[in-house]
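An overview of the molecular structure
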Amino acid sequence: MKEKALMSVLVMNVLHNQLNVVPACLPTPNPSSPNFSSRFRADVVQLVEASNVHKHSDTCYKYWNANRGDKKSCRMRMPRKLVPVSTIDPDTGRISMKRSDPWINNFNEYLITACRSNMDIKFIWSGSDAKALVYYITDYVTKMSLSFHDTLALVQKSISSFNNSYDQTNNESVIEKSRKLVLRCYNTLASQQELSGVQVASYLMNWDDHYTTHKFQGLYLIQTERYLQTQLNEIRSKQKMDLSLHGQYFIFLFSRLIIATLKKLL
Ligand SMILES: [Zn+2]
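Within each chain, residues carry numbers counting from 1 in the order of the written sequence. The predicted nature of this model means local features are confined to residues of pLDDT at least 70 and side-chain atom pairs, given and counted, to a pLDDT of 80 or more, with totals for whole chains, interfaces and linings taken over all residues.

The subject of this paragraph is the overall build of the protein. Only DSSP runs of H or I covering at least 4 residues are called helices, and only runs of E covering at least 2 are called strands; the numbering of each starts at the N terminus. The helix and strand inventory of the protein stands at eight helices and two strands. Put simply, the protein runs from its N terminus to its C terminus through helices and strands in the order α-α-β-β-α-α-α-α-α-α. Remark: C-beta atoms are placed from the backbone, and a residue is labelled buried if 20 or more other C-beta atoms sit within 10 Å of its own, exposed if 12 or fewer do, or partly exposed between those counts. Counting across all 266 residues of the protein, residues that qualify as buried make up 6%. Note on contacts: residues are paired as contacts if their backbone-placed C-beta atoms lie within 7 Å. The long-range share in the protein, meaning contacts at least 24 apart out of those at least 6 apart in sequence, stands at 55%.

Turning next to helix α2 (residues 36-51). By this rule, a helix spans an expected 1.5 Å times one less than how many residues it contains. Between its first and last C-alpha atoms α2 spans 22 Å; for 16 residues at 1.5 Å apiece the expected length is 22 Å, and the two agree. Here α2 has its buried residues at S38, R39, F40, R41, A42, D43, V44 and L47.

This part covers helix α4 (residues 127-142). With 16 residues, α4 extends 22 Å between its outermost C-alpha atoms, agreeing within 8% with the 22 Å of an ideal straight helix rising 1.5 Å per residue. Summarising burial for α4: zero of the 16 residues are buried, a small minority.

Helix axes use the C-alpha atoms of the stretch in contact, all axes being lines fitted to C-alpha atoms, and the angles between their N-to-C directions lie in the range 0 to 180 degrees. The contact between helix α5 (residues 148-165) and helix α6 (residues 174-192) brings their axes to 9 Å, and the two run at 135°. As the angle between them shows, α5 and α6 are arranged oblique. Here the hand of the crossing between α5 and α6 comes out right-handed. Residue-level inspection shows T151, L154, V155, K157, S158 and F162 of α5 in contact with α6, the latter providing L181, R184, C185, T188, L189 and Q192. Note on residue classes: Ala, Val, Leu, Ile, Met, Phe, Trp, Tyr, Cys and Pro are nonpolar, Asp, Glu, Lys and Arg are charged, and everything else, Gly too, is polar. A breakdown of the residues in the contact of α5 with α6 according to their chemical character gives six nonpolar, four polar and two charged. If an angle is under 35 degrees, it is roughly parallel; if it is over 145, roughly antiparallel; if it lies from 65 to 115, roughly perpendicular; otherwise it is oblique. Two helices cross in a left-handed way if the nearer one is turned anticlockwise from the farther one by less than a right angle. They cross in a right-handed way if the turn is clockwise.

M78 connects to P79 through a cis peptide bond whose omega is -5°. Among the structural elements, P79 can be located in the loop between α2 and β1 (87-88). With a phi angle near 55°, N35 is a residue other than glycine that sits in the positive phi range. Its location among the elements puts N35 in the loop between α1 (2-19) and α2. A tally of 15 C-beta atoms within 10 Å means that N35 is categorised as partly exposed.

What follows is the structure in structure tokens.
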């Protein structure tokens, strides 16, 4: 057992010194590599120490109101009480999981080595918890990174600051002014836009941002409509011409018939 722990520390030091990169960027240990269990353990320790230790931030006190006389306490309930051993209370059914550090968020070792980011895992016991979770996830994945009213306010701010920075006597061309205004708006929005690491990597790698089961072809509706209209007009005018030709031929035959009849009669 001692030997195993020592090995973990050694592997951890080697990993850290050799690469000197943030643990999140290190590869997940390969299960078929030698000493996998030690490497795995070292990896978990590194990841947790680097990214899963809670530090209070403004979000911890998001709902705290000093004027209301609220007690200033972290809404993530940190630091938490230490629990020497995991226990189940047979009367209430309450489970207390072992906790050896008051500041570490709950994690699953396999998930954290696979995802390589911070996490806070929770067992979903009840229906109301499950409902709240579904709401939370749906809200999270469907939220726009920048809301529409925020966008308008930011654009308004850019336009005001743009107007202030230009004096009326400036004789720059309208096109150049417009270009600068659009650029200013774009920069303001881009600086406020939240982009996930995955999104950035995907754009940089020129990968698609969506997946479909079928291959689609763009259809230029206006041009197609115009083409069909032209074809239709051509066909119609041709038909009209044919009709009038037929008409002329008919008149010609009719007049020949009249002449022949007249000739016979006379
Ligand atoms: Zn906190």
